[in-house]
Amino acid sequence: MGSAIAKGLIANKSFTALYLSDLNTKQVDVYKDEPNVTVTNDNALAVKAADVIIFALQPRIIVGVVEQIAHEITDNHIIMSVAAGFEISAIERLLGTNKPVIRVMPNTAISIGESMTCLAGNDAGVAQMGVARTIFDQLGTTLEIPEVHMQAATVICSSGIAFWMRLVRATTQGAVQLGFEAEEADKIALQTCLGAAKLLQTSNKHIEAEIDRVTTPGGCTIEGLNEMEHNGMSSALIQGIVASFDKINQLKTN
């Protein structure tokens, strides 16, 4: 996710200076020749040079990294965390309660400026939420939510992109079975998915109203939809979302 955020920021050129710090810089070395970008494995150097610090780390790693550079973080820094399940209170225990802390949950589409990103902050973080929106609105769409909903947002926004891709994949497999070449099937499925999303985004109609426009009485669309529902399509998707939510709550650190 850190690499995806870096890619989106660099593509959008939405910074004065960007420090990309990683113990192993292999993932970000591709950006070392970009203007105003510094690639380093020195976290302290990056923190000293930054106003905004984004911890794009796995939950099992973030504590050690934060502890390593805690002495370099001042009240003037804005702290953002992308670590799934890692609560604001856990960061406050490491850095103190007076610093602005904002949890950020994007998805990998941030690399192309199309992320759905949810944001939640402590009291000081809410006061700096405009900074977070300025950054992440350039990389997709943002929504400020209560932190209690951040686990669910992780499932719907971050894991959700994989769920949608699996649905697109199933559509391409169906298209191949009906006689299309794989490349043709991919093109048809992807554009149809994009069209459906754009239509819902712009029409301001309920999803079922748009479905009703396609499902003529006795037609092939309602026949297909009913067969999918008989086989548990909606139920399977909801159960998968709930299972993912249960799993992430097992990983919660507060």
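Rules used throughout
- Residues numbered from 1 in each chain as written.
- Predicted model: local features only at pLDDT ≥ 70, side-chain atom pairs only at ≥ 80, totals over all residues.
- Heavy atoms only, no water.
- Helix = DSSP H or I, 4+ residues; strand = E, 2+ residues; numbered from the N terminus.
- Contact = heavy atoms within 4.5 Å.
- Lys, Arg positive; Asp, Glu negative; His and termini not counted.
- Charge placed at Lys NZ, Arg CZ, Asp CG, Glu CD.
- Axes fitted to C-alpha atoms, helices over the stretch in contact; angles between N-to-C directions.
- Parallel < 35°, antiparallel > 145°, perpendicular 65-115°, else oblique.
- Left-handed = near helix turned anticlockwise from the far one by under 90°.
- Pairing = 2+ DSSP bridges.
- Salt bridge = Lys/Arg side-chain N within 4 Å of Asp/Glu carboxyl O.
- Buried < 20%, exposed > 50% of the residue type's maximum accessible area, 1.4 Å probe, protein only.
- Nonpolar A, V, L, I, M, F, W, Y, C, P; charged D, E, K, R; others polar.
- Patch = residues over 30% accessible without salt bridge, like charges linked within 9 Å, V, L, I, M, F, W, Y side chains within 5 Å.
- Areas by Shrake-Rupley, 256 points an atom, 1.4 Å probe, with all protein chains shown as cover.
- Core = buried A, V, L, I, M, F, W, Y, C linked by side-chain atoms within 4.5 Å.

Participant: Teacher, can you tell me more about the overall build of the chain here?
Facilitator: A count of helices and strands for the chain gives eleven helices and seven strands. Taken along its principal axes, the extent of the C-alpha atoms in the chain is 70 × 40 × 30 Å. Considering only residue pairs separated by 6 or more positions, the chain has 56% of its internal contacts joining residues 24 or more positions apart. Across the chain, 18 positive and 27 negative side-chain charges occur, with their mean positions spaced 3 Å apart.

Participant: Just checking my understanding: could you explain the packing of helix α7 (residues 150-177) against helix α8 (residues 182-203) for this structure?
Facilitator: The relative placement of two packed helices is expressed as an angle between their axes plus a distance between the axes. Where α7 meets α8, the axes come as close as 8 Å, and the angle between the chain directions of the two elements is 135°. Classed by the angle they form, the pair α7 and α8 counts as oblique. Our pair here, α7 against α8, has a crossing hand that is right-handed. Counting all contacts with α7, which are made through V168, T171, T172, A175 and V176, the residues of α8 involved are A182, A185, D186, A189, L190 and C193.

Participant: Would you mind going over the sheet that holds strand β4 (residues 78-81) with me for this structure?
Facilitator: Sheet strands pair via backbone hydrogen bonds, and the direction of the pair is either parallel or antiparallel. Pairing is mixed in the open sheet, where five strands are placed in the order β3-β4-β5-β6-β7. Looking at the sheet topology across the chains shown, the edges are occupied by β3 (52-55) and β7 (140-144). Taking each pair of neighbouring strands and ignoring which way they run, the sheet shows an average axis angle of 25°. Relative to strand β6 (residues 115-121), strand β5 (residues 101-105) is paired through four bridges, and the arrangement is antiparallel. Bridge pairing links I102 to G121 in β6. Its contacts with the sheet place helix α6 (residues 129-136) against β3, β4, β5, β6 and β7, and it is angled at close to 170° to β6.

Participant: What's the story with the pattern of salt bridges in this structure? I'm lost.
Facilitator: It is possible for side chains bearing opposite charge to pair when their charged atoms get close. Applying the stated rule across the entire model yields four salt bridges. Here E72 makes a salt bridge to K48, at a shortest N to O gap of 3.8 Å. Pair noted here: E72 is in the loop between α3 (59-69) and β4 and K48 is in helix α2 (residues 43-49), with a separation of 24 residues, a long-range link. Under the relative-accessibility criterion, K48 is labelled exposed at 57%.

Participant: Honestly, the packing of α8 against helix α9 (residues 207-214) in this entry has me stumped. Any pointers?
Facilitator: Where α8 contacts α9, the axes come no closer than 10 Å and their chain directions differ by 120°. As far as their axial angle goes, α9 and α8 are oblique. Crossing of α8 over α9 shows right-handed handedness. Across the interface between the two elements, L199, L200 and S203 of α8 pack against I207, E210 and R213 of α9. Class assignment of the residues belonging to the contact of α8 with α9 gives a composition of three nonpolar, one polar and two charged.

Participant: What is the right way to read a nonpolar patch on the surface from this model?
Facilitator: Side chains of W164, L167 and L237 sit close together on the surface and give an oily, nonpolar patch of about 300 Å² of accessible area. Here L237 lies in helix α11 (residues 233-250). Take L237: its relative accessible area is 36%, and that puts it in the partly exposed class.

Participant: Quick question: what am I supposed to make of unusual backbone geometry here?
Facilitator: Where the residue is not glycine, phi is negative for most of them; where a peptide bond is considered, it is trans in most cases. Of note in the backbone geometry, N36 takes a positive phi value of approximately 65° without being a glycine. Tracing the backbone shows N36 in the loop between β1 (18-21) and β2 (37-40). With a phi angle near 60°, N204 is a residue other than glycine that sits in the positive phi range. Position of N204 among the secondary structure elements: in the loop between α8 and α9. Exposure remark for N204: the relative accessible area of 73% places this residue in the exposed category.

Participant: What is the right way to look at the environment of Q27 in this model?
Facilitator: Looking at the element boundaries, Q27 is found in the loop between β1 and β2. The sequence separation of Q27 and G2 amounts to 25 residues, and the corresponding C-alpha distance is 9.2 Å.

Participant: It is not clear to me how the nonpolar core should be interpreted in this structure. Could you clarify?
Facilitator: Side chains of nonpolar character tend, in soluble globular proteins, to be buried together. Ranked by internal contacts, the top residues of the largest apolar core, which has 22 residues, are L20, Y31, M80, I102, V104, L119 and F136. Going through the elements one at a time, α1 (2-12), β1, β4, β5 and α6 are the ones with two or more residues in this core. Residue contributions to this core peak at five residues, all from α1. Once residues within four sequence positions are removed from consideration, F136 is found in contact with I54, M80, V104, I110, T117, L119 and T142. Core analysis: the second largest hydrophobic core is formed by 17 residues, I62, V65, I69 and I88 among them.

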